[in-house]
Every structure is written in structure tokens, then in C-alpha cells.
Amino acid sequence: MEGWRVSMALPSHLHPAGLAATRSSGGCRGPHPLLWPDECDGCGAMTRRPRRVYDQGQETDPRFSLANERTLLAWLRSSLALVVAGIALLTLAELTQVDWLPESAAAVAFAGGAATAILAYRQWVRVELALRLSRPLPSNLGSLVFLGSILVLTFIGALAVLTSST
Amino acid sequence: MEAGLQAERTTLAWQRTGLATSVVALVMLRLAVLRSSLFIGTASAVVVFIAAAAIVEGALRHSRRMERVQTSGAHAGLPLTGPALAAACTVLGTAGALLSLVG
């Protein structure tokens, strides 16, 4: 908020046009602590990001948006679980004689984790848009990728057990 | 009251995710040090910083979120830490894949 008062002293051409217009209409809060412009109270114009989401449709019940936010975070934690599995497999690889199997399994887990995180954010955007446009909720490609990674890991695990017993 | 609980749950979810990300990033940092990979070590350190920022930002944002929901005002919007955390998880996954493929 202090930062905003300072920047008000700048010449008008230095202001991002949209931001200046919103702020001057009164009743607005300062920019977000992490420079992600926040919503304004009481003045119609919104400066929330990403614009491609908040520029469209109508306001939703905030509880739905909060639930969507929590779903994004839950998917990110799932993605971290795959990364942790990859780390465990890498550590395991140093303890075994068969070098390629655990390492390739780790690569699958890591790649699955990275893809799940990207798809989680994509899904947040799609769900928020569907809520704002009163459309049916979209299906989630992320869940398919997550499931696929776990299936491949299980397959490699079964292969490891079978080859080690012979 | 129910709406207030929603905001509370969301804040807790942020804290949980931030904490989990920072722990995984710290383990990845250790792994990078063990394999003396400067590139992956630096990336992990940046992720630790992002996760810490997400926790602090989530705590700072909590009161605003409560207020919004109780006055049934608009959702305050996804903070920058949302896509930043998603990017952080992607970086961790990619870093791990590099470690396991290149060694």
C-alpha cells in the first residue's frame, strides 16, 4: 500500500493504463505484496490476474473459487508425491546392482510429477472459466497423466521383482 | 460461518503445500550437492525460496480472504504464488529427471 502512494507521484504516462484507471475510481486497495494486482472493492474494474480468466463471465460464489484454489493445491501436492517417489527411487538405485531399472523408474516419476503440476494449473484456469461462464466443469487431463505415471511405475516395479528372482 | 471455514481451509492448504514443496526442494538440494550439480542445486534453492514466499504470502492474505468470503464479496483472485508453486513443482520434477537420466 505504501508502494502505491509512492508510485502515484509518478508522471501519468508511467502508469500501466488499466491500473491507473482502476485506482483513481476510489475505494481500492494497494497492489499485492508480491506485485500481483489485486481485486478492487467497490469499483467495477477488476485487475485480478490472470486476465484471460477474470476478464470473462460473471462473479462466482467465492466459496466455489476457494474450492478450486484448494483443488489446485491438492494436485500440486500429488505432483510432489511423484517427485518424492522419484527421489526415493534414485536413492534406491545407488543401493542395487541393476542400475538402469530404478533410474528409469525415477525418470518416469519425475516426468509425471512435472506434467501433473503443469496440468494442475491448466485445470485451475479451465475450472475457474467454467464457473464464471456457468458451463459444465471440464474433464481433467492431469488425473489421466497422474494415473498413467503410477501405472507405469507399478509395471516397472513388477518387472524389477520378476527379473531379480531369476 | 461455513464460508469462514472455507477461507480457513484454503489458508491451511496453502501452508501445507508450501511446507511440502520446501521440504522436497531441500531434499533435492541435498541430492544435487551429493552429485555436485551446481545447476540443479541453484534451481532447488530458488524453489525453497518460492515455497517460503508462498507460506508467508498465504498468511498475509488470510484476513483479506476471510473478509471477502464473509461479506460474500468476490473471490480475491489467485495470488501469483499459485502459478509460481506450479512452476516450482515442474522445476523439481524436471531437475529430478535430469539427475536420473544424466546422473
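Cut-offs and rules
Residues numbered from 1 in each chain as written. Chains lettered and ligands numbered in written order. Predicted model: local features only at pLDDT ≥ 70, side-chain atom pairs only at ≥ 80, totals over all residues. Heavy atoms only, no water. Helix = DSSP H or I, 4+ residues; strand = E, 2+ residues; numbered from the N terminus. Rg over C-alpha atoms; globule rule 2.2 N^0.38 Å. Contact = heavy atoms within 4.5 Å. Buried area = accessible area lost by both parts, 1.4 Å probe. Salt bridge = Lys/Arg side-chain N within 4 Å of Asp/Glu carboxyl O. Polar contact = N/O pair within 3.5 Å; in protein donor to acceptor, adjacent residues only side chain to side chain. Axes fitted to C-alpha atoms, helices over the stretch in contact; angles between N-to-C directions. Parallel < 35°, antiparallel > 145°, perpendicular 65-115°, else oblique. Left-handed = near helix turned anticlockwise from the far one by under 90°. Nonpolar A, V, L, I, M, F, W, Y, C, P; charged D, E, K, R; others polar. Expected span 1.5 Å × (residues − 1). Phe/Tyr/Trp six-rings, centres within 6.5 Å; stacked < 30°, edge-to-face > 60°. Buried < 20%, exposed > 50% of the residue type's maximum accessible area, 1.4 Å probe, protein only. pLDDT = per-residue confidence, 0-100.

1. Focus: the overall build of chain B
Next, step 1: Scanning chain B from terminus to terminus reveals 3 helices and 0 strands.
Next, step 2: Reading chain B from its N end, one meets helices and strands in the order α-α-α.
Next, step 3: Expected size for 103 residues packed as a compact globule is a radius of gyration near 13 Å; at 17 Å, chain B overshoots this value by more than 25%.
Next, step 4: Over its C-alpha atoms, taken along the principal directions, chain B stretches across nearly 55 × 15 × 15 Å.

2. Digging into the interface of chain A and chain B
Next, step 1: Contacts between the two partners involve 39 residues from chain A, matched on the other side by 48 residues from chain B.
Next, step 2: Summed over both sides, the interface between chain A and chain B buries roughly 4,000 Å², with carbon and sulfur atoms accounting for 66% of that surface.
Next, step 3: For chain A, the biggest contributors to the area lost against chain B are Glu69(A), Arg70(A) and Leu80(A); these three give 15% of the whole.
Next, step 4: In this structure, Arg65(B) and Glu69(A) form a salt bridge, with 3.5 Å as the shortest nitrogen-oxygen distance.
Next, step 5: Our count for the chain A to chain B interface comes out at 6 residue pairs in polar contact (both at pLDDT 80 or more).
Next, step 6: Contributing elements (two or more residues each) for the side of chain A that touches chain B: helix H4 (62-93) and helix H5 (100-132) of chain A.
Next, step 7: It is H4(A) that contributes the most residues to the side of chain A that touches chain B, 16 residues altogether.

3. Notes on the packing of H4(A) against helix H1 (residues 2-34) of chain B
Next, step 1: One way to put it is that H4(A) packs onto H1(B) with a least axis distance of 9 Å and a crossing angle of 20°. When the interaxial angle is binned, H4(A) and H1(B) end up roughly parallel. Handedness of the H4(A)/H1(B) crossing: left-handed.
Next, step 2: Its residues assigned to classes, the contact of H4(A) with H1(B) comprises 17 nonpolar, 4 polar and 7 charged.

4. Quick word on H1(B)
Next, step 1: Relative to the 48 Å expected for 33 residues at 1.5 Å per residue, H1(B) spans 48 Å between its end C-alpha atoms, a close match to the ideal helical length.
Next, step 2: Just downstream of H1(B) lies Ser36(B), where phi reads positive at about 40°.

5. Re the packing of aromatic side chains
Next, step 1: In total, this model carries 3 aromatic pairs over all chains according to the counting rule given.
Next, step 2: Clustering of aromatic rings is evident, with ring pairs tying together Tyr54(A), Tyr121(A) and Trp124(A).

6. What about the environment of Ala13(B)?
Next, step 1: Mapping Ala13(B) onto the fold places it in helix H1.
Next, step 2: Residue classification places Ala13(B) among the buried positions, given a relative accessible area of 1%.
Next, step 3: In this structure, Ala13(B) is in contact with Arg70(A), Leu73(A) and Arg77(A), ignoring residues within four places of it in sequence.

7. With respect to the confidence of the model for chain B
All names here are of chain B.
Next, step 1: On average, residues of chain B score 91 in pLDDT, and 97% of them reach the 70 mark or higher.
Next, step 2: Highest mean pLDDT in chain B belongs to helix H3 (residues 81-102) (95); lowest belongs to helix H2 (residues 38-70) (91).
Next, step 3: Predicted complex metrics record ipTM = 0.94 and pTM = 0.82.

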